[in-house]
Amino acid sequence: SSTPDEERSRAGSPGSRGGSSLSSSTTPDYGEKRLPQALIIGVKKGGTRALLEAIRAHPDVRAVGTEPHFFDRNYEKGLEWYRNVMPKTLEGQITMEKTPSYFVTNEAPRRIHSMAKDTKLIVVVRNPVTRAISDYTQTLSKKPEIPTFEVLAFKNRTLGLIDASWSAIRIGIYALHLENWLQYFPLSQILFVSGERLITDPAGEMAKVQDFLGLKRIVTEKHFYFNKTKGFPCLKKPEDSSAPRCLGKSKGRTHPKIDPDVIHRLRKFYKPFNVMFYQMTGQDFQWEQEESDK
């Protein structure tokens, strides 16, 4: 289900060397492929694609369009394979990739640490209740026959027992996953981006990302405009093109109506984990506050 943009960015990957004479005339053959110095490691349905597209508008960043899934699914292929997937960079440019499932993969922190212990990690987090519903919505669009959200969310509906083993719910227990990363990386090497603020204040969140990566603040307000139909910001001047760049059709899907009682129970379930996450990161994402306003 990759977009034409992703297909184009894939043109630099190892599987497409066949037509190199053609591609070399359009893409100058300079720089070299390097292992990434920064990774967007999570979370699924948090806003990682939006973040990747925005940071790719920076001239000093080169990123893979597709998710390489190296540290979870392709690790046995080795670092040379991984390096080959990367785009070529010039001196001073940062190589990046995003694979949101790394955040919940037990082996990922150790594997990334053994590649380079100074790797910078970016995690886009969003209210775990909305994230779970968005995750379910994505699955539903591919498999319309799956049970309702309510059925999947509970081990026992009468007792109100949440099924924390269902991945849509498990991913949102951020504190649990973060613990795993903190065994290998100091907090100073991990940036937490608010998925909510990425929509309401994209330039503000991008300023933090650029500072964290040690980049000049080039991606600013003037790069974004708000798309009323989609309900989130779009990039005006993306990498390599003058046309405005909005996220694809698969983004901004309408969520199914979920029973308010289920939402309430999920909020209660997540609250202690959210509070723990705020304490661990030293950042309050205000997910509780936001709920009580409604």
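Since we're looking at a predicted model, the values are computed, not measured. (Residues numbered from 1 in each chain as written. Predicted model: local features only at pLDDT ≥ 70, side-chain atom pairs only at ≥ 80, totals over all residues. Heavy atoms only, no water.)

Peer 1: Hey, could you run me through the overall build of the chain in this one?
Peer 2: If you tally the helices and strands in the chain, you get 13 helices and 11 strands. Per-residue burial over the chain gives 46% buried out of 294 residues. Contacts in the chain between residues far apart in sequence, at least 24 positions, make up 71% of those at least 6 positions apart. Accessible area for the chain stands at about 15,000 Å²; split by element, carbon and sulfur atoms hold 53% of it. (Helix = DSSP H or I, 4+ residues; strand = E, 2+ residues; numbered from the N terminus. Buried < 20%, exposed > 50% of the residue type's maximum accessible area, 1.4 Å probe, protein only. Contact = heavy atoms within 4.5 Å. Areas by Shrake-Rupley, 256 points an atom, 1.4 Å probe, with all protein chains shown as cover.)

Peer 1: How should the nonpolar core be read in this particular structure?
Peer 2: Within the largest apolar cluster, 31 residues are counted, with the highest numbers of intra-cluster contacts made by Trp181 and Phe277. Among the elements that line this core, the one with the most residues is helix 9 (residues 174-182), at four residues. Among all residues touching Phe277, those that are not within four sequence positions of it are Val125, Tyr174, Ala175, Leu178, Phe192, Phe285 and Trp287. Core analysis: the second largest hydrophobic core is formed by 25 residues, Ala38, Leu51, Val209 and Leu215 among them. (Core = buried A, V, L, I, M, F, W, Y, C linked by side-chain atoms within 4.5 Å.)

Peer 1: I keep staring at the pattern of salt bridges and nothing clicks. Help me out?
Peer 2: For side chains bearing opposite charge, pairing can occur when the charged atoms are close. Throughout the structure, instances matching the rule amount to 14 salt bridges. One salt bridge connects Asp135 with Arg131, and the closest N-O pair in it is separated by 2.9 Å. Residue Asp135 and its partner Arg131 are both found in helix 6 (residues 128-142); the two are separated by four residues, about one turn of the helix. By relative accessible area, Arg131 is classed as buried at 0%. Put simply, Arg157 and Asp259 hold a salt bridge, and the shortest N to O gap is 3.1 Å. With Arg157 in the loop between strand 7 (154-156) and strand 8 (161-162) and Asp259 in the loop between strand 11 (232-235) and helix 12 (260-281), the pair connects residues that are 102 residues apart, well separated along the chain. (Salt bridge = Lys/Arg side-chain N within 4 Å of Asp/Glu carboxyl O.)

Peer 1: Please explain helix 12 as it appears in this structure.
Peer 2: Along an α-helix, a turn takes 3.6 residues, which lines up residues three or four apart on a common side. Between the first and last C-alpha of helix 12 there are 30 Å, a value that for 22 residues agrees with the 32 Å anticipated at 1.5 Å per step. Taken as a whole, helix 12 has its buried residues at Val262, Ile263, Leu266, Phe269, Tyr270, Asn274, Phe277, Tyr278 and Thr281. By the N-cap criterion, in which a side-chain oxygen at the helix start approaches the backbone nitrogen of a residue two or three places on, helix 12 is capped by Asp259, the distance to Asp261 being 2.8 Å. In the stretch just after helix 12, Gly282 is the one whose phi turns positive, near 70 degrees. (Expected span 1.5 Å × (residues − 1). Polar contact = N/O pair within 3.5 Å; in protein donor to acceptor, adjacent residues only side chain to side chain.)

Peer 1: Just to check I follow, could you spell out the UniProt feature "active site" (unreviewed entry) in the chain for this structure?
Peer 2: As recorded in UniProt, the feature "active site" (unreviewed entry) lies at Lys45. Within the fold, Lys45 resides in the loop between strand 2 (38-42) and helix 3 (48-55). Judged by its relative accessible area of 14%, Lys45 is buried. (UniProt positions renumbered as here; feature names shortened; annotations may be inferred.)

Peer 1: Help me understand the UniProt feature "binding site: 3'-phosphoadenylyl sulfate" (unreviewed entry) in the chain, please; the structure alone is not making it clear to me.
Peer 2: Mapped onto this numbering, the UniProt entry gives "binding site: 3'-phosphoadenylyl sulfate" (unreviewed entry) at Lys45, Gly46, Gly47, Thr48, Arg49, Arg126, Ser134, Lys251, Gly252, Arg253, Thr254 and His255. Of note, Gly46 is situated in the loop between strand 2 and helix 3. In contact with Gly46, other than residues within four places in its own chain, are Val124, Arg126 and Gly195. Secondary-structure assignment places Thr48 in helix 3. Apart from the residues within four sequence positions on either side, Thr48 is in contact with Ile40, Gly42, Val43, Lys98, Pro100 and Val124.

Peer 1: I tried to follow the pairing of strand 9 (residues 190-194) on my own but got confused; where do I start?
Peer 2: Regular strands place their side chains on alternate faces of the sheet. The buried fraction of strand 9 is high, at five of five residues. Side chains of strand 9 alternate between two faces, with Ile190, Phe192 and Ser194 and Leu191 and Val193 buried alike. The pairing of strand 6 (residues 120-125) with strand 9 spans five bridges and is classified as parallel. Within strand 9, the residue paired with Val125 across the bridge is Ser194. (Pairing = 2+ DSSP bridges.)

Peer 1: For this particular structure, what's the right way to read the environment of Gly92?
Peer 2: Checked against the element boundaries, Gly92 lands in the loop between strand 4 (88-89) and strand 5 (94-98). Gly92 sits in the exposed class, given a relative accessible area of 59%. Taking the C-alpha atoms as reference points, Gly92 and Asp60, 32 residues apart in sequence, are found 7.0 Å from one another.

Peer 1: I'm lost on the packing of helix 3 against helix 11 (residues 202-212) in this one. Help?
Peer 2: Pairs of packed helices are described in terms of their axes, by the angle between the two and the distance that separates them. Orientation of helix 3 relative to helix 11, taken along the N-to-C sense of each, is 65 degrees, at an axis distance of 11 Å. Considered as vectors, helix 3 and helix 11 are oriented roughly perpendicular to each other. Every pair of crossing elements has a handedness; the one defined by helix 3 and helix 11 is right-handed. Residue-level contacts link Leu51, Ala54 and Ile55 of helix 3 to Met206, Val209 and Gln210 of helix 11. Looking at side-chain class alone, the contact of helix 3 with helix 11 contains five nonpolar, one polar and no charged residues. (Axes fitted to C-alpha atoms, helices over the stretch in contact; angles between N-to-C directions. Parallel < 35°, antiparallel > 145°, perpendicular 65-115°, else oblique. Left-handed = near helix turned anticlockwise from the far one by under 90°. Nonpolar A, V, L, I, M, F, W, Y, C, P; charged D, E, K, R; others polar.)

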